[in-house]
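Structural description and commentary
What follows is each chain in one-letter form.
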Amino acid sequence: MSEFNQLYSPLIQSAKWYSVQSWALEQTSHGAWLLESESLSRRLAQYCQHFTVTVLAQTIISNDLLSIMERKLIGDSDCLERKVILYGDQQPWVFARTLIPMTTLSGKEQDLVDLGNSPLGYRVFNTKNSRRDALEVANLGTQQQPRWARRSRLWINDKPMLVAELFLTQSPVYAKENGC
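The paragraphs below set out a description of the structure included in this document. Per chain, residues are indexed from 1 in the order of the written sequence. Local features in a predicted model are, by the rule used here, given only for residues with pLDDT of at least 70; side-chain atom pairs are given and counted only at 80 or more, and totals for whole chains, interfaces and linings are based on all residues. Computation of side-chain values: all heavy atoms of the structure, hydrogens and water removed.

1. A look at the side chain of Glu-36
- Helix and strand definitions here come from DSSP, where helices need a minimum of 4 consecutive H or I residues and strands a minimum of 2 consecutive E residues; each element is numbered from the N-terminal end. Inspection of the secondary structure puts Glu-36 in the loop between helix H2 (31-34) and helix H3 (40-45).
- Here the side chain of Glu-36 touches Glu-38 through a polar contact of 3.0 Å, landing on its backbone nitrogen.
- Setting aside residues no more than four positions away along its own chain, Glu-36 makes contact with Arg-43, Arg-132 and Arg-150. Polar contact criterion, stated in full: a pair of N or O atoms within 3.5 Å, where within protein one must be able to donate a hydrogen and the other to accept it, and residues adjacent in sequence count only if both atoms are side-chain atoms. The criterion used for residue contact is that any of the two residues' heavy atoms lie within 4.5 Å.

2. Considerations on the environment of Lys-108
- Counting through the fold element by element, Lys-108 comes out in the loop between strand E4 (91-101) and helix H5 (120-124).
- For Lys-108, a relative accessible area of 68% gives the class exposed.
- Separated by 17 residues in sequence, Lys-108 and Phe-125 have C-alpha atoms that sit 14 Å apart.
- In this structure, Lys-108 is in contact with Arg-123 and Asn-157, ignoring residues within four places of it in sequence. Only protein chains enter the accessibility calculation, which uses a 1.4 Å probe; a residue whose area is less than 20% of its type maximum is buried, one above 50% is exposed, and one in between is partly exposed.

3. Concerning the sheet that holds strand E7 (residues 159-167)
- In short, DSSP must find at least two bridges between two strands for them to pair. Reading across the sheet, the seven strands line up as E1-E5-E6-E7-E4-E3-E2 and stay open at both edges, with antiparallel pairing between neighbours. Each edge of the open sheet is held by one strand with a lone partner, namely strand E1 (18-19) and strand E2 (51-61).
- Sheet topology note: the E2/strand E3 (residues 79-88) ladder contains 10 bridges and is antiparallel. If you follow Val-53 over to E3, its bridge partner there is Leu-86.

4. Focus on the packing of aromatic side chains
- Two aromatic rings, drawn from Phe, Tyr or Trp (for Trp, its six-membered ring), form a pair once their centres lie within 6.5 Å of each other, and the interplanar angle then sorts them: stacked below 30 degrees, edge-to-face above 60, tilted otherwise. Evaluation of the coordinates by the stated rule reveals four aromatic pairs.
- Judged by centre distance (5.9 Å) and plane angle (45°), the ring pair of Tyr-8 and Phe-95 falls under tilted. Residue Tyr-8 is found in helix H1 (residues 2-13), and its partner Phe-95 is found in strand E4; the two are separated by 87 residues along the sequence. There is no split in this pair, since Tyr-8 and Phe-95 are both buried.
- By way of ring pairs, the aromatic residues Phe-4, Tyr-8 and Phe-95 are connected into one cluster.
- Over the ring of Tyr-122 we find Arg-42, and its NZ or CZ is 4.8 Å from the ring centre. When the NZ atom of lysine or the CZ atom of arginine is within 6 Å of a ring's centre and also within 35 degrees of its normal, the charge is said to sit over that ring.

5. Observations regarding the nonpolar core
- Grouped together as the largest cluster of nonpolar side chains are 20 residues, with contacts concentrated most on Leu-44, Leu-86, Val-94 and Phe-167.
- Listing elements by their share of this core, those giving two or more residues are H2, H3, E2, E3, E4 and strand E5 (130-139).
- Looking at this core element by element, the count peaks at three residues for E4.
- Contact partners of Phe-167, with chain neighbours within four places excluded, come to Trp-33, Leu-34, Leu-40, Trp-93, Val-94, Arg-147, Trp-148, Ala-149, Arg-150, Val-173 and Tyr-174.
- By nonpolar core we mean a set of buried residues, namely Ala, Val, Leu, Ile, Met, Phe, Trp, Tyr and Cys, connected to one another through side-chain atoms within 4.5 Å. One finds Ala-15, Leu-56, Ala-138 and Leu-168 within the second-largest nonpolar core, a separate group that totals 14 residues.

In structure tokens form, the structure reads like this:
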């Protein structure tokens, strides 16, 4: 499992993010995935018999380890950093890195620390007071073989967190493009 973390964490942290308006995503098969405004986990679960999450790492990191843009999006608080792989039928589909400011982990949201192998999206989008904004997209592959990623800010009860998701090769985001 640590090989996923070693391989994908630097990729996602060094991504060059672009606003969704920079891409013509609406006309593509992968665009619907990248533009998903609700729970990505719930959507992925519809494409497999067994949807699972494996936690690769969960640690508290200092805000000085965050990029300038990450601090701009979620503030200057230290964060709980959670890295997971989302699996569909035992195939790795998405590597995700979530930054949850310590200020978000109060009140009802204290339970975010104890998600374990539960999908973050199931918890966040289980309340009426949740939303996604600041959506950005990156291609970490080539034009011929894209490896899509997205980053967005999630809000739960007006408290922010930042999620970056890298769609891995076997993900259904590429199914139509791969002729499946």
